[in-house]
Amino acid sequence: MTEFDLVLHGATGFTGQLAAKEIARTADSGLRWAISGRSEPKLQALGGQLGATSIVTDSTDPAACERLVARTRVVLSCAGPYQLYGTPLLAACAASGTHYADLSGELGWMWEMIQSHDAIARRTGAALLPASGFDSVPSDLAVLTLVRELQQKNLPVNDLAGFYRLKGGLNGGTLATGIAQSTRYEPEDLAHPFLLDPDPQQSWEYRAQPPSRKETFSIPALNGYAAPFIMAPVNERVIRRSAALSDAAGRSYGNDFSYSEFMRTSDLNKAKQIAFGMKVGDWALRKPLGRKIMQRFGPTPGTGPSEQTRTNGFVELTVLAGNLAQPDARVDWFFPGDPGNTVTVRCLAQIGLALCAGEARDAGLLTPAHALGERLVERLRERDALLDTF
Ligand SMILES: NC(=O)c1ccc[n+]([C@@H]2O[C@H](COP(=O)([O-])OP(=O)(O)OC[C@H]3O[C@@H](n4cnc5c(N)ncnc54)[C@H](OP(=O)(O)O)[C@@H]3O)[C@@H](O)[C@H]2O)c1
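Attention here is on the structure that accompanies the text. Note that the coordinates shown come from a computational prediction; the quantities given were computed from them, not determined experimentally. (Residues numbered from 1 in each chain as written. Predicted model: local features only at pLDDT ≥ 70, side-chain atom pairs only at ≥ 80, totals over all residues. Heavy atoms only, no water.)

## Focus: the site of the ligand
- Around the ligand sit 32 residues in total, of which T12, F14, T15, R38 and T177 are the nearest.
- N171 places a polar side-chain atom, nitrogen or oxygen, 3.0 Å from an oxygen atom of the ligand.
- Within the complex, the protein chains bury 93% of what would otherwise be the 920 Å² of accessible surface of the ligand.
- No other element matches the three residues that helix α8 (residues 172-184) contributes to the shell around the ligand.
- In the shell around the ligand, the residues fall into nine nonpolar, 18 polar and five charged.
- Of the residues that make up the shell around the ligand, three or more belong to each of domain 1 (4-134 + 342-382) and domain 2 (137-338). (Near = heavy atom within 4 Å. Polar contact = N/O pair within 3.5 Å; in protein donor to acceptor, adjacent residues only side chain to side chain. Areas by Shrake-Rupley, 256 points an atom, 1.4 Å probe, with all protein chains shown as cover. Helix = DSSP H or I, 4+ residues; strand = E, 2+ residues; numbered from the N terminus. Nonpolar A, V, L, I, M, F, W, Y, C, P; charged D, E, K, R; others polar. Domains from an automatic or database assignment.)

Right, here's the structure in full:
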């Protein structure tokens, strides 16, 4: 038996501290858990507040990661950018059969981890879950829920489209991650629509693709307009991986399944402004000068939005199936709190507790919906982290 059920690594960062408090608030008193990070004084200060054991671990040191992983059944990691600090810890979990989840929305790094650690984790029994924060839990679970409803009602499962309204703030760690990814990969490297599928080329040939749409367009069923969404490239690819893994596990989403994702606004001008802002941001991330300006004037790692911004934030997500004027079915979900912190740490904490409770249905490098399915939706509902209405 291991010493701990769960270790939260990167616990002293902005989301890490919030995740530690969320675990302390929602876990059963019997959970044996510890916090981990590279800074002993910071760990001791946080551990003292929460009554949690501290373990000093530099996540760029593979031997230290192996020692950490040997002491626990489940690891949650908030130490990102993951392409800089994440690989040794994920690798140690894969090799030892220890379940793992993180907040990565880094497409390039996720692709690399699938290539190098998926097969190992399948052999050892580890469930490895990147994308266990705001990206991509709400989208992944909402799509799963809608697919199952359509299947139960014998309705076609085709052309699912997700629409977000959001309020919140930006973390320095998230900006650092965007900059790290743009430095390492060209957008073209990550553009394959089935990048995260087990066999992207086969999926490209045989799986349905969403209809091509203009940059902005009207959504009659929502009385609003759609604009590009910054997290869509990640969420869409994670969800396509969920569909591919579910096929292999005999819980198929169907041959006609496709998914695309957008922001939602009330008027066309706002949609056009969002589209323009996205182009400017994208351009700035591609250029060394743009990245320097963002680093100079954006939030620094370790910082994030105020408590008031986090409390007043929200996530509204609607997923429609079929026609945008008269959809066959829809999911309308509300997540209280700001996306990058409150919603993120609630998702991560429940995933950690679900993994501790033995709820993982598969092994390998997985997605939240494929690994934990409807039970994770219930967990979030039970804690009022997810409400079925706006
Ligand atoms: N999926 C989502 O929706 C979502 C939302 C929010 C954040 N994120 C991602 O989560 C990650 C963390 O974000 P954040 O805002 O919490 O960033 P942050 O405040 O900068 O925290 C980064 C953490 O990583 C730790 N760290 C850095 N290098 C390390 C090393 N070598 N060994 C051990 N620990 C190390 C830092 O330790 P120190 O405390 O000692 O500096 C800190 O605890 C980022 O990659 C971000 O993109 C994702």
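What follows continues from the structure just given.
## Some words on the state of the cysteines
- For the coordinates displayed, the defined rule picks out zero disulfides.
- Between C347, a free cysteine, and C78, which holds the nearest cysteine sulfur, the sulfur-to-sulfur gap is 12 Å.
- The buried category is assigned to C347, whose relative accessible area is 2%. (Disulfide = S-S within 2.5 Å. Buried < 20%, exposed > 50% of the residue type's maximum accessible area, 1.4 Å probe, protein only.)

## Looking at the sheet that holds strand β10 (residues 259-265)
- Ordered in space as β8-β9-β10-β7-β11-β12, the six strands form an open sheet in which the pairing is mixed. Two strands bound the open sheet, and with one partner strand each, they are β8 (217-219) and β12 (329-336). Mean inter-strand twist for the sheet, computed between neighbouring axes without regard to direction, equals 35 degrees.
- Note that strand β7 (residues 160-167) and β10 share five bridges and pair parallel. Across the sheet, F163 pairs through a bridge with F262, a residue of β10.
- Contacting β7, β10, β11 (314-321) and β12, helix α7 (residues 137-152) crosses the sheet at an angle of about 150 degrees to β12. (Pairing = 2+ DSSP bridges. Axes fitted to C-alpha atoms, helices over the stretch in contact; angles between N-to-C directions. Contact = heavy atoms within 4.5 Å.)

## Observations regarding the packing of aromatic side chains
- Enumeration over the complete set of coordinates arrives at nine aromatic pairs.
- Their ring planes at 35 degrees and their centres at 5.6 Å tell us that Y82 and W109 sit as a pair that is tilted. On the criterion of sequence distance, the pair formed by Y82 in helix α4 (residues 82-85) and W109 in helix α6 (residues 107-124) is long-range, its members being 27 residues apart.
- A residue is classified by how much of its surface remains accessible, and Y82, at 4% relative accessible area, is buried.
- Linked through ring pairs, F134, Y164 and F229 together constitute an aromatic cluster.
- Geometry around F194 places R240 over its ring, the cationic atom sitting 5.7 Å from the centre.
- Between the NZ or CZ atom of R296 and the centre of the ring of F297, over which it lies, the distance is 5.0 Å. (Phe/Tyr/Trp six-rings, centres within 6.5 Å; stacked < 30°, edge-to-face > 60°. Lys NZ or Arg CZ within 6 Å of the ring centre and 35° of its normal.)

## So, helix α14 (residues 339-356)
- The end-to-end C-alpha distance of α14, which contains 18 residues, comes to 24 Å, matching closely the 26 Å that a straight helix rising 1.5 Å per residue would cover.
- Trailing α14 by a residue or two, G358 shows a phi angle of about 75 degrees, which is positive. (Expected span 1.5 Å × (residues − 1).)

## Quick word on the pairing of strand β9 (residues 224-227)
- Where β8 meets β9, three bridges bridge the pair, whose relative direction is antiparallel. Its bridge partner being in β9, I219 is matched across the sheet by G224.
- The loop that links β8 with its antiparallel partner β9 comprises four residues; one of these, N223, has a positive phi angle of about 55 degrees.
- Pairing analysis gives three bridges linking β9 to β10, with the strands arranged antiparallel. Bridged to A226 within β10 is R264.

## Some details on the pattern of salt bridges
- Under the counting rule described, the total for this entry stands at 25 salt bridges.
- Note that D159 is salt-bridged to R213, the shortest N-O span being 2.9 Å. Pair noted here: D159 is in the loop between α7 and β7 and R213 is in the loop between α9 (200-206) and β8, with a separation of 54 residues, a long-range link.
- With a relative accessible area of 26%, R213 lands in the partly exposed category.
- For R286, the salt bridge goes to E188, with nearest N and O atoms at 3.3 Å. Separated by 98 residues along the polypeptide, R286 in helix α11 (residues 268-286) and E188 in the loop between α8 and α9 bring together distant segments of the chain.
- By relative accessible area, R286 is classed as partly exposed at 40%.
- Through salt bridges with shared partners, a single ionic network connects E359, R375, E378, R379, E382 and R383. (Salt bridge = Lys/Arg side-chain N within 4 Å of Asp/Glu carboxyl O.)

## Regarding the nonpolar core
- Core analysis: the biggest nonpolar cluster contains 103 residues, and I23, Y100, L128, V143, L160 and F257 have the highest contact counts within it.
- Considering each element in turn, this core owes the most residues, 10 residues, to α14.
- Here this core spans two domains, since at least three of its residues come from each of domain 1 (4-134 + 342-382) and domain 2 (137-338).
- Excluding residues that lie within four positions of it along the chain, F257 makes contacts with V143, V147, V157, L160, A208, I239 and A243.
- The next biggest cluster of nonpolar side chains, apart from the first, holds nine residues, and it includes A161, F163, A226 and F262. (Core = buried A, V, L, I, M, F, W, Y, C linked by side-chain atoms within 4.5 Å.)

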